[in-house]
Structures are given as C-alpha cells and as structure tokens.
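Chain residues, written in single-letter form:
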Amino acid sequence: MDSGRDPERAPAECTGEAAAPVPVVAGPPPVVLVRGAGGSLPPGCAVDTSGHLLAGGCDVPALAAQYGTPLYIFNEDVLRANCRAYRHAFAAYEPGGVVAYAGKACLTVAIAAVLADEGLYLDVVSAGELQTALAAAFPATRMVFHGNNKGEREIALALQSGIGRIVIDNFHELELVDRAARAHGMRQPVLLRVAPGIEAHTHDYIRTGSQDSKFGFDLQTGQALEAARRCAAAPGLDWVGLHAHIGSQILETAPLLALAELLLDLAVAIRGATDLRLQELNLGGGAGIRYREEQTLRPEDVVSAIITAVRDGCRARDLPLPRLAVEPGRSIIGQAGIAVYTVGSQKRVPGLLPWIAVDGGMGDNIRPALYQAEYTVAVANRMRDPAEETVHVVGRYCESGDFLARATRLPRLRPGDLLAFFSAGAYQYPMSSNYNRVPRPCLLLVSGGSADVMVERETYADLLARDRLPPRLGGRPPA
Ligand code: LLP
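Residues numbered from 1 in each chain as written. Predicted model: local features only at pLDDT ≥ 70, side-chain atom pairs only at ≥ 80, totals over all residues. Heavy atoms only, no water.

**Re the packing of aromatic side chains**
The full count for this structure, using the stated rule, is five aromatic pairs. Look at Phe171 and Phe217: their rings are 4.9 Å apart centre to centre, the planes differ by 70 degrees, and that puts the pair in the edge-to-face class. Pair noted here: Phe171 is in helix α6 (residues 171-183) and Phe217 is in strand β10 (residues 217-218), with a separation of 46 residues, a long-range link. Through a chain of ring-to-ring contacts, the aromatic side chains of Tyr291, Tyr341, Tyr375 and Phe421 assemble into a single cluster. One residue, Lys347, lies across the ring of Trp355, its end atom 5.2 Å from the ring centre. One Lys or Arg, Arg406, reaches over the ring of Phe403 and ends 3.7 Å from the middle of that ring. (Phe/Tyr/Trp six-rings, centres within 6.5 Å; stacked < 30°, edge-to-face > 60°. Helix = DSSP H or I, 4+ residues; strand = E, 2+ residues; numbered from the N terminus. Lys NZ or Arg CZ within 6 Å of the ring centre and 35° of its normal.)

**Here we look at the pattern of salt bridges**
Counted under the stated rule, the structure contains 23 salt bridges. Salt-bridge contacts for Asp312 lead to Arg315; the nearest nitrogen and oxygen are separated by 3.6 Å. Of this pair, Asp312 and Arg315 both sit in helix α9 (residues 299-317), three residues apart, roughly one helical turn. By relative accessible area, which is 39% here, Asp312 ends up partly exposed. Arg440 is the salt-bridge partner of Glu458, the closest N and O atoms lying 3.2 Å from each other. Placement of Glu458 in the loop between β21 (450-455) and α12 (460-464) and of Arg440 in the loop between β19 (418-421) and β20 (442-447) is noted, with a sequence separation of 18 residues between them. (Salt bridge = Lys/Arg side-chain N within 4 Å of Asp/Glu carboxyl O. Buried < 20%, exposed > 50% of the residue type's maximum accessible area, 1.4 Å probe, protein only.)

**Re the site of the ligand**
As a matter of local geometry, the ligand sits amid 18 residues, with Ser248, Glu327, Arg367, Tyr371 and Tyr427 nearest to it. In this structure, an oxygen atom belonging to the ligand sits 3.3 Å away from a side-chain N or O atom of Lys104. Taken together, the residues of the shell around the ligand sort by class into five nonpolar, seven polar and six charged. Residue contributions to the shell around the ligand reach at least three from each of two domains, namely domain 1 (7-75 + 334-464) and domain 2 (146-327). (Near = heavy atom within 4 Å. Polar contact = N/O pair within 3.5 Å; in protein donor to acceptor, adjacent residues only side chain to side chain. Nonpolar A, V, L, I, M, F, W, Y, C, P; charged D, E, K, R; others polar. Domains from an automatic or database assignment.)

**Thoughts on the sheet that holds strand β3 (residues 58-59)**
Sheet architecture is open: three strands sit in the order β1-β2-β3, paired in antiparallel fashion. Strands with a single pairing partner mark the edges of an open sheet, and in this sheet they are β1 (45-47) and β3. As paired elements, strand β2 (residues 53-55) and β3 share two bridges and run antiparallel to each other. Each bridged residue has a counterpart across the sheet, and for Leu54 the counterpart in β3 is Asp59. (Pairing = 2+ DSSP bridges.)

So far we have only geometry, and geometry alone does not tell us how the molecule works.
And the structure:
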C-alpha cells in the first residue's frame with residue numbers, strides 16, 4: 001500500500017525545550033498510554049522526554065514526516081477500549097444489549113473490521129456505508145439501516161445483503177420497504193423511528209414542543225402509533241420495536257431517560273391498538289466527549305442509567321423487558337482520532353490576535369465553521385513548551401470562516417511546527433470535502449508503536465479522475 005506521503009511537504013521541525021505543562025513519560029522507547037481522565041492528554045497519548053507527542057506509542061512528528069500533513073491518526077486500542085466499555089456495560093442486562101456503532105461518525109474498511117472483531121453492530125445510513133462495511137466482511141445481520149430518505153436501490157441492496165434491521169423513518173418508506181420485502185419474498189425486521197419532541201442540549205429537555213425535525217414519525221400527533229398500525233397490516237414488515245435519537249454531544253443522561261419513558265408509553269399504546277409487542281428499544285446515540293474541559297458521560301454511566309430507566313419503566317407498565325440498543329458514534333471514535341497539521345504562514349497586526357495558518361482547515365474539519373466547535377490544540381513537536389500567546393488557528397481555504405481554533409493559547413509558533421487537534425476522530429474526515437480542489441488527508445491506524453495507512457492521501461490524479469472534457473471543448477468522445 002502506498003505511504004500516503006505528501007511529496008510537497010517539508011519535514012517537521014522538532015525541538016525539545018524546557019517546562020512541562022503536560023504529563024511526561026520517561027525512557028525510550030516510550031509506549032506508555034496515558035488515560036485521558038483528569039489529565040490534559042486524551043486516552044492513548046503520551047509525551048516523550050524530547051517533548052514529542054506519542055499516539056498509540058508512535059512518535060507523532062515522525063509520522064507527520066513520513067506521511068505528510070494534514071494527517072489523521074486513529075488509535076486502534078482506544079477504539080477497541082471504547083467498544084468494550086459499551087459492551088461490558090450491557091453485560092448485566094438479561095434480555096441483552098446491542099451496541100451499534102454509528103458509522104456516520106467515521107467509517108473506513110479498517111474501522112469496520114475492528115468493530116466487527118469487537119462484536120459490535122453497525123448503524124449505516126447509505127449504500128456507501130453499507131458497502132464499506134461489507135468490504136470489511138462486517139456481517140449484514142448485525143447492521144441497522146437508517147436514513148430519512150433511503151433510496152429504492154439502497155433498500156434493495158440492504159435487503160439483498162440480509163440487513164438485520166431497517167429503521168423506518170416515514171410513511172413513504174414504510175410502503176417502499178414493505179413492497180421491496182414482499183418482492184424478495186421475505187418479512188424484513190423493522191423498527192419505527194419516532195420523533196419524540198425531546199430537546200437534548202437544553203435544560204428544557206423534557207418539554208415536548210420540539211416536533212420540528214425532519215426525522216421520524218411524530219409522536220404527539222399520533223403519527224407514530226399510526227405507523228405501527230400500518231406495520232401490523234404490512235405483510236412484508238416484521239415490526240420489532242422503536243427507535244429514537246435525540247441529539248449529539250449530550251452531556252447528561254436525563255434527556256435519554258425521559259426518552260425511554262416516552263417510548264415505553266408508546267409501546268403501551270401500540271400494545272392496546274395492535275397485536276404488536278415491543279421486543280427492541282433503540283435509544284440512539286449522542287453521548288458527548290471531551291473536546292476542551294467538558295465533564296462527559298462514560299459509556300457505563302449512559303448504559304446503566306438507561307437500563308435502570310427501562311427496567312423501572314417496564315415494571316410500572318407491565319411490559320416485558322425489551323432488548324436494548326444504543327448507537328454511539330462520537331463516544332466510540334472521537335477520542336481515538338488526532339488531526340495533525342503543519343504551521344505555515346502567520347499574519348500579525350498590532351492590536352489583533354495573530355492568525356496562524358496550517359495546511360488543512362475547513363476541507364478536512366468543517367465543525368468549527370459549522371457548529372463553532374472548539375478543540376484542545378497542542379504543538380506535537382514541542383509538547384513541553386509553555387503557552388506564550390493567544391492566537392487564531394486558521395486553515396488554508398479561501399473563506400474567512402475557515403477557522404480551526406479561535407483565541408487559543410499556544411507557544412509562539414514557527415513555520416514547520418506541528419499542531420495536533422485532539423478528539424478529531426468523529427465527523428471530521430467523513431464530512432471532508434475537496435473545496436479549493438485540495439486532496440483529502442491520509443488516515444493512519446496506530447497500535448502498540450506501529451502505524452498502518454487505512455486511507456491513503458488523495459492524489460491530484462484522484463481529484464481529476466471523474467472530470468470529463470466534452471468533445472466540443474476538445475475532449476475525446478467517450479469510448
Ligand atoms: N443514531 C442516529 C440515528 C444518529 O442520527 C446519530 C448522529 C447517531 C446515532 C450517533 O450520534 P453520536 O453518538 O455520534 O452523537 N456532525 C455533527 C454530529 C451529527 C450527528 C448526526 N447523527 C457533529 O460534528 O457534531
């Protein structure tokens with residue numbers, strides 16, 4: 001496999017200087033993993049005696065020199081540990097728990113292979129994610145197909161692949177899946193996605209006014225119950241349960257518990273109106289991670305709170321316990337990823353914060369521009385240097401909004417310094433673009449001191465591969 005190296009990139013400049021604002025691991029070769037809890041480094045990272053950042057036991061400046069930047073480094077051990085934390089949290093729940101990784105957070109063939117190995121399920125939202133997982137021999141029976149506008153061909157592919165569950169989002173799709181399943185001579189196990197009207201992210205989360213979402217069957221107006229009735233009458237559909245997802249980067253369990261209550265109430269209504277009985281309850285994803293100083297939820301806290309709420313709620317309603325499912329994306333992959341950039345130009349104007357430009361930006365990480373997302377940033381080749389000034393870190397794209405970090409404290413930076421953005425594993429590479437015709441970055445998978453390319457850096461040939469010059473502009477007619 002090609003190295004993914006960018007031939008245009010100059011080698012990183014590395015200096016080791018005094019003062020230690022972060023934990024230091026002594027002794028070559030330092031392969032110690034520092035857990036993130038309480039420390040300023042994320043899980044799987046450490047700093048060696050020369051002030052270099054290590055990820056999965058690999059020297060980050062050395063990886064940057066070998067593979068070029070922007071570089072996304074994913075730590076396989078952190079990924080596996082997060083998978084296990086979720087799975088173990090369900091161990092005591094008798095009907096069983098399913099952990100379906102939300103592929104939209106970041107899915108590559110290698111990531112899918114690790115997830116398969118860890119016994120996870122997978123939430124896919126497109127034929128592309130489905131194909132990626134199939135390419136890793138991820139069992140289709142452990143996949144859950146989501147989306148608010150699944151295409152007929154995507155549905156057919158899912159059925160042909162033997163997909164485990166389809167989460168039906170709307171009445172149109174209910175008919176499409178029923179028809180397709182009958183055409184395949186089968187009954188497809190399905191869940192209904194409910195729009196419960198719960199707002200995560202606010203203290204008003206149990207307010208049921210927020211129905212204004214494109215996803216799912218509306219609960220308040222009875223559409224969810226009506227959808228269950230239609231499932232009961234659809235020969236191609238085998239209704240097994242309910243699903244809802246109320247938001248992302250949730251930092252408290254209360255909205256999830258309120259959600260469980262609402263869905264159990266709906267299960268009671270469905271029991272009263274049809275022959276259907278709730279077998280599975282999927283409460284979506286959403287657990288937040290630490291980007292800066294957030295107090296986050298641990299997988300075991302999320303799962304145990306849900307289990308308690310569902311046990312109590314079922315007892316109170318005389319419902320048998322359903323199989324439970326969660327769909328974490330960010331909390332499995334987010335902290336496993338680091339984005340590394342090289343510092344280039346700087347603009348300094350008296351009275352204003354300096355703009356430090358790096359070789360990536362909104363093309364590989366749209367989150368700061370789109371959501372005002374904030375990150376912890378470190379100088380990967382000078383981890384022990386103290387912060388000296390407050391700067392904006394900006395990208396190389398032609399937009400004023402192309403910020404990666406606003407007003408962040410860093411040592412005084414020089415061209416060639418390497419900036420590491422932590423918690424970069426989720427929703428960055430999958431949301432990347434070729435804006436300004438910049439190739440997408442290289443993705444590495446590191447573990448135990450060794451690194452492998454899992455996605456090669458895009459080349460200019462890749463960028464041009466699908467361009468066609470019409471014959472009237474001098475191109476050759478298609479063969
Ligand atoms: N299940 C469903 C149905 C979802 O829509 C999502 C995320 C998840 C699970 C996983 O949620 P997580 O555990 O990762 O929070 N691009 C945004 C996040 C969009 C989330 C979309 N749905 C960001 O960068 O923050």
